[in-house]
Amino acid sequence: MKKLIVALALASAFCLALTGCSGGNNADIEKGKANFTGEWELVDITGDDSIASGDIDTLKSMGISVELSLKDDGTATLVFFGDEFAGTWKVKSATEADLELKADGETVADVITFEDGKVSMKAEGAALVFSKTK
């Protein structure tokens, strides 16, 4: 009988511990959703083929831009120099999300990160850095 009571007590403690852990994860997910959701515009490209921010400003003045839209419903759109790619995104944590976009009939998956109020994603050896517009 003592073994049964001890086993039940341990099982209850284990369930409580798991419940406590999942609450933190949900908080990270909600914080991540708030961090990522919105309209973003390209402000920097880093890596081997980096271009100066002045070049990005020149492109914007000519109506050529790179914009990322991450909607609250999990849909995503990337406008990349006039080409539009639709897809989905899902929060992994307060600072990481998965992004999947359709490009030329294929799905391209990437991890996007949130740091210092900016969103970054990798593209062909470079990091595209976005700043929130709305």
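From a predicted model like this one, the values you see are computed outputs, not experimental measurements.

S.K.: Explain the pairing of strand S3 (residues 75-80) to me, please; I cannot follow it from the model alone.
M.R.: Taken residue by residue, a regular strand's side chains alternate between the two faces of the sheet. Alignment of strand S2 (residues 66-70) against S3, held across 5 bridges, turns out to be antiparallel. Paired with Ser69 across the two strands is Thr77, which belongs to S3. Note that S3 and strand S4 (residues 83-91) share 6 bridges and pair antiparallel. Bridging across to S4, Thr77 finds its partner in Ala86. Hairpin connection between S3 and S4: a loop of 2 residues separates the two successive antiparallel strands, and Phe81 in this loop has a positive phi of roughly 50°.

S.K.: Sorry, what's going on with the nonpolar core here?
M.R.: Soluble globular proteins tend to bury their nonpolar side chains together. Counting residues in each nonpolar core, the largest one holds 24 residues, and the members touching the most others are Leu70, Leu99 and Phe130. Listing elements by their share of this core, those giving two or more residues are strand S1 (38-47), S2, S3, S4, strand S5 (96-103), strand S6 (106-115), strand S7 (118-123) and strand S8 (126-132). Broken down by element, this core gets its largest block of residues, 4 residues, from S5. Apart from residues lying up to four places away in sequence, Leu99 is in contact with Leu68, Leu70, Ala76, Thr88, Trp89, Val108, Ala109, Asp110, Ile112 and Met121.

S.K.: I keep staring at the packing of aromatic side chains and nothing clicks. Help me out?
M.R.: Between two aromatic rings, the relevant description is the distance of the centres plus the angle of the planes. Taken as a whole and assessed by the stated rule, the structure comprises 4 aromatic pairs. Look at Trp40 and Phe114: their rings are 6.5 Å apart centre to centre, the planes differ by 75°, and that puts the pair in the edge-to-face class. Pair noted here: Trp40 is in strand S1 and Phe114 is in strand S6, with a separation of 74 residues, a long-range link. Measuring from centroid to centroid gives 4.8 Å for Phe80 and Phe81, while their planes differ by 70°, and the two rings are edge-to-face. For Phe80, a relative accessible area of 30% corresponds to the partly exposed category. Looking at Phe81, the relative accessible area reads 35%, which means it is partly exposed. Connected via pairs of aromatic rings, a cluster forms that spans Phe36, Trp40, Trp89 and Phe114.

Scoring rules and cut-offs
Residues numbered from 1 in each chain as written. Predicted model: local features only at pLDDT ≥ 70, side-chain atom pairs only at ≥ 80, totals over all residues. Heavy atoms only, no water. Pairing = 2+ DSSP bridges. Helix = DSSP H or I, 4+ residues; strand = E, 2+ residues; numbered from the N terminus. Core = buried A, V, L, I, M, F, W, Y, C linked by side-chain atoms within 4.5 Å. Buried < 20%, exposed > 50% of the residue type's maximum accessible area, 1.4 Å probe, protein only. Contact = heavy atoms within 4.5 Å. Phe/Tyr/Trp six-rings, centres within 6.5 Å; stacked < 30°, edge-to-face > 60°.

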